[in-house]
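Summary of structural features
Below, each chain spelled out in residue letters.
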Amino acid sequence: MARQPEGPPPPPTVQKLRIRYAKRGRLRFASHRDLARALERALRRAGVPMAFSAGFSPHPKISYIGAAPTGAASEAEYLEIGLAERRDPEAVRAALDAALPEDVAVVECVEAAEGTGSLADRIDTSVWRVELPGVSAAELRPAVEAFLASEVVTVAKRTKNGLKDIDARVAVAAASAEEGAGCAILHVVVRQGTPAVRPDDVLAALAAVADLRPPSPPRAVREAQGRLDDTGTVADPLGPDRAARTPVPGEHAPV
Amino acid sequence: MTAELTTATGESLYPRLEPLLAQVQKPIQYVGGELNAQVKPWEAAAVHWALMYPDAYEVGLPNQGLMILYEVLNERPDALAERTYAVWPDLAGLMRAHGVPQFTVDGHRAVRDFDVLGVSFATELGYTNLLEALDLAGVPILARDRDETSPVVVAGGHAAFNPEPVADFVDCAVLGDGEQAVGDITDVVKAWKAQGRPGGREELLARLARVDGVYVPRFYAVSYGPDGTISAVTRTRDDVPARIGKRTVMDLDEWPYPKTPLVPLAESVHERMSVEIFRGCTRGCRFCQAGMITRPVRERTITGIGSMVEQGLRATGYEEVGLLSLSSADHSEIGQVAKELADRYEGTNTGLSLPSTRVDAFNVTLANELSRNGRRSGLTFAPEGGSERIRRVINKTVSKEDLVRTVTTAYANGWTQVKLYFMCGLPTETDEDVLEIAELAVEVIRAGREASGRKDIRCTVSIGGFVPKPHTPFQWAAQASAETIDHRLRTLRQAINADRRIGRSIGLRYHDGKPGVIEGLLSRGDRRVGRVIERVWREGGKFDGWSEHFSYDRWTAAAAEELAAFGVDLDWFTTRERTEHEILPWDHLDSGLDKEWLWDDWQEALSEEEVADCRWTPCYDCGVCPTMGTEIQIGPTGRSLLPLTVVGR
């Protein structure tokens with residue numbers, strides 16, 4: 001039988017909060033592990049009354065849903081935290097935002113509404129915006145068209161076990177080109193799955209079908225995540241929680 | 001020339017660096033912006049310091065010394081300090097290809113734009129990384145090739161107590177505590193700049209050479225005798241001191257740094273904050289350079305410790321605080337510190353820890369107390385020597401019975417992982433001394449299983465090769481060869497694995513003896529060794545502290561070729577025992593220790609005689625206090641820690 005630490009078990013989770021945050025600027029170079037560490041420390045500095053797991057190595061209750069790759073920025077990352085005492089979600093948002101580095105912003109915090117299902121089940125798609133310095137929209141557009149016209153575009157993806165061929169086309173629900181300020185912008189909607197297709201893989205596919213090779217590294221931003229419906233719209237994953245609850249005026253107490 | 005002067009604007013290189021970061025491993029280490037990092041406006045400061053830790057970011061960021069100086073300097077309105085670390089070869093290659101120079105991670109400013117480049121050497125294996133950084137920075141690697149447009153390169157840290165091997169590459173070395181010395185250096189540089197840089201770089205260095213604790217190698221000439229030993233070290237100017245004494249900060253409570261420790265986003269080697277609870281050590285372990293050069297003992301008071309822990313936790317959000325020093329259980333009020341801190345942080349998931357401790361049952365009690373509120377990791381004890389005999393030689397006496405009893409107590413108290421730290425290659429050591437480590441480990445597991453009633457307890461035996469260091473009684477000793485170390489470790493491994501039923505509970509961690517030999521060359525080397533360092537770097541050597549980058553063959557080949565002209569070789573610097581009156585390369589650098597006392601202590605080591613700690617027994621005349629005008633500062637203070645009014649964070 002596993003041994004248990006002496007003393008009472010840690011207090012249970014009494015409230016679940018769902019958080020959307022953004023990583024921007026220099027912190028696009030942060031990995032998921034880097035961000036997770038920063039978030040845990042910020043929760044402590046912000047005095048958020050976290051619930052902890054039991055056992056000899058208690059961990060704060062945090063679930064991360066997906067994670068943008070190292071090098072990509074994001075406006076829509078999600079996590080869920082368990083609290084041992086109830087708090088006003090907006091006050092938690094503000095306190096956590098203040099405790100995090102400038103380039104990590106806590107965009108929204110809502111209480112998980114009972115009976116609306118898990119957050120992870122509401123996310124299956126990413127909306128990406130990729131800036132391509134040194135590339136014009138006139139160059140990008142035909143490449144995107146050639147890509148969309150293909151049934152399968154095989155690219156080599158670097159994995160833990162070396163290079164592996166994957167199809168970058170099947171996961172892409174939509175793609176388009178736009179002229180930006182001094183660069184072309186690629187908009188791409190990608191279904192999440194295994195193997196994961198990331199912006200790098202889509203760019204490798206554009207190189208494969210149309211020999212499009214940007215002269216300097218592209219900059220990707222995940223603009224949204226959510227469930228892709230039949231109309232091609234990506235639904236806000238916090239929508240059901242927000243809808244289930246009407247805010248009480250004057251409730252915003254400090255953490 | 002004009003081009004160089006116009007670039008010294010502290011302009012950010014980030015826009016040029018950013019495209020390169022997308023192509024390298026762990027880019028987060030280069031972007032800065034850590035919690036509690038600072039970027040001051042360039043123009044506001046009269047003196048600009050770049051502080052370098054010459055190893056990878058993950059190793060360098062947690063370094064306390066650098067963090068302290070970073071804060072101390074940035075608190076001055078007329079100074080600005082930023083940090084820089086060794087750049088991994090993947091980024092270094094891209095930087096060379098794209099003309100991006102060595103930068104600071106705070107403002108991404110070019111290192112060559114700064115007035116002073118301070119480099120902290122905790123280990124000599126960082127020397128090649130200094131050359132690489134200078135070259136990447138566009139600063140001439142040889143001090144004599146630099147002019148006023150180059151930063152003054154200042155070495156500090158424990159290795160700076162013998163900076164002779166890097167004398168060609170650094171402009172100065174600071175001996176001892178840096179807190180006050182960096183202020184004095186700032187004053188000198190500021191005045192010289194304000195006066196319009198009179199006399200150029202030579203005059204600036206001459207002024208720095210008159211600052212207490214600052215050594216400027218170029219003003220000292222070294223000559224050698226026919227047998228290869230040093231015949232004399234002489235001043236080349238009469239306005240610089242003949243001997244350079246170390247700096248000592250006397251009241252630690254007046255220097256509560258770091259107040260706001262840096263918290264990286266990237267993973268680092270220490271995921272905790274540290275509070276230095278005392279500086280210096282008089283236990284007198286004869287192998288320990290740190291314990292010799294940092295005397296006397298200066299304690300931080302219990303209330304000083306309490307407020308640093310409180311402020312640091314608030315500023316960082318860390319879950320663990322390390323109570324740092326050379327032998328933390330020796331603080332005069334450690335029992336009370338442990339208990340009262342644990343009381344304060346009851347129920348907050350805040351762990352407190354001590355670094356490795358002496359083997360003492362009291363330390364298990366302490367560890368129990370400290371880990372009350374946090375995660376219980378392993379316990380580390382450092383008997384250092386395998387046999388009682390060798391422990392008398394190194395002056396770290398503990399009987400075998402006490403050792404087994406202490407470790408058993410730890411298992412009985414619910415600790416399942418105990419690490420024991422030993423050294424191999426100590427003076428007078430035989431195979432039998434090392435084999436006793438196996439006997440000890442086996443007995444520890446046997447007794448531990450019995451006392452705890454558990455089969456899953458583990459003991460990790462961690463072994464480091466001994467490297468004789470300057471300013472210690474072992475500075476005269478012959479270093480054991482790599483072959484000797486490797487042979488003894490092989491024999492030890494076989495002995496531990498002889499009985500698999502016990503052996504499977506014992507882990508053995510060690511490195512081969514080769515890096516230790518090179519560390520030995522760099523530790524006790526003189527100026528002639530600089531040629532070897534430069535050669536190794538030119539042939540691609542860097543990150544010598546990392547086994548995947550370290551090349552023993554490159555070092556031995558470079559040593560053979562570069563030292564031949566002087567009639568000496570690698571063995572001459574490492575496995576050769578020195579005689580009593582040989583002039584050692586660091587004799588003109590004064591740690592306060594009396595050379596005669598060191599020699600006597602060396603002789604006592606050879607006859608296996610112990611010496612007691614001067615905190616509790618009469619002074620044994622090591623020389624430090626009278627030479628430096630210092631004294632032991634210990635408690636008890638009789639004060640106590642009140643509960644915090646606001647806990648629960």
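Residues numbered from 1 in each chain as written. Chains lettered and ligands numbered in written order. Predicted model: local features only at pLDDT ≥ 70, side-chain atom pairs only at ≥ 80, totals over all residues.

Listed per partner, the contact involves 20 residues of chain B and 23 residues of chain A. Across the side of chain B that touches chain A, the residue classes break down as 11 nonpolar, five polar and four charged. (Contact = placed C-beta atoms within 7 Å. Nonpolar A, V, L, I, M, F, W, Y, C, P; charged D, E, K, R; others polar.)

Picture the strands of a sheet paired through backbone hydrogen bonds; they go either parallel or antiparallel. Residue and element names in this part refer to chain B. Reading across the sheet, the four strands line up as 15-16-17-18 and stay open at both edges, with parallel pairing between neighbours. Among the strands making up the open sheet, the edge pair consists of strand 15 (379-384) and strand 18 (506-510). Neighbour to neighbour, the strand axes of the sheet diverge by 20° on average, direction disregarded. Pairing geometry for strand 16 (residues 417-424) and strand 17 (residues 458-465), over eight bridges, is parallel. (Pairing = 2+ DSSP bridges. Helix = DSSP H or I, 4+ residues; strand = E, 2+ residues; numbered from the N terminus. Axes fitted to C-alpha atoms, helices over the stretch in contact; angles between N-to-C directions.)

Taken as a class, soluble globular proteins show a tendency for nonpolar side chains to be buried jointly. Ranked by internal contacts, the top residues of the largest apolar core, which has 214 residues, are Leu96 of chain A together with Trp49, Val154, Val170, Cys172 and Ala441 of chain B. Excluding its chain neighbours within four sequence positions, the residues that come into contact with Val170 of chain B are Ala143, Val153, Val154, Ala155 and Pro163 of chain B. In this structure, Val130, Val153, Val197 and Val202 of chain A belong to the second largest nonpolar core, which totals 38 residues. (Core = buried A, V, L, I, M, F, W, Y, C linked by C-beta atoms within 7 Å. Buried ≥ 20, exposed ≤ 12 C-beta atoms within 10 Å, placed from the backbone.)

Time to look at the sheet that holds strand 3 (residues 116-120) of chain B. All names here are of chain B. Taking strand neighbours across the sheet as the criterion, the six strands line up as 2-1-3-4-5-6 in an open arrangement whose pairing is mixed. One side of each edge strand has no neighbouring strand; the edge strands of this open sheet are strand 2 (79-85) and strand 6 (214-215). Here strand 1 (residues 47-53) pairs with strand 3 via four bridges, running parallel. Note on strand 3: the bridge partner recorded for Met52 is Val119.

Residue and element names in this part refer to chain A. For chain A, the assigned domains read domain 1 (15-112) and domain 2 (122-235). Averaged C-alpha coordinates put domain 1 and domain 2 at centres separated by 28 Å. Taken together, the contacts link 10 residues of domain 1 with 10 residues of domain 2. Take the side of domain 1 that touches domain 2: its biggest share by element is five residues, from strand 3 (residues 73-83). Of the residues that constitute the side of domain 1 that touches domain 2, the class distribution is seven nonpolar, two polar and one charged. (Domains from an automatic or database assignment.)

This part takes up helix 2 (residues 14-21) of chain B. All names here are of chain B. Within the sequence span of helix 2, burial applies to Glu18, Leu20 and Leu21. Along helix 2, the residues classed as buried sweep out an arc of 165° about the axis, all on the same side. Those residues of helix 2 that are buried lie in contact with helix 5 (89-98). (Arc of directions from axis to C-beta.)

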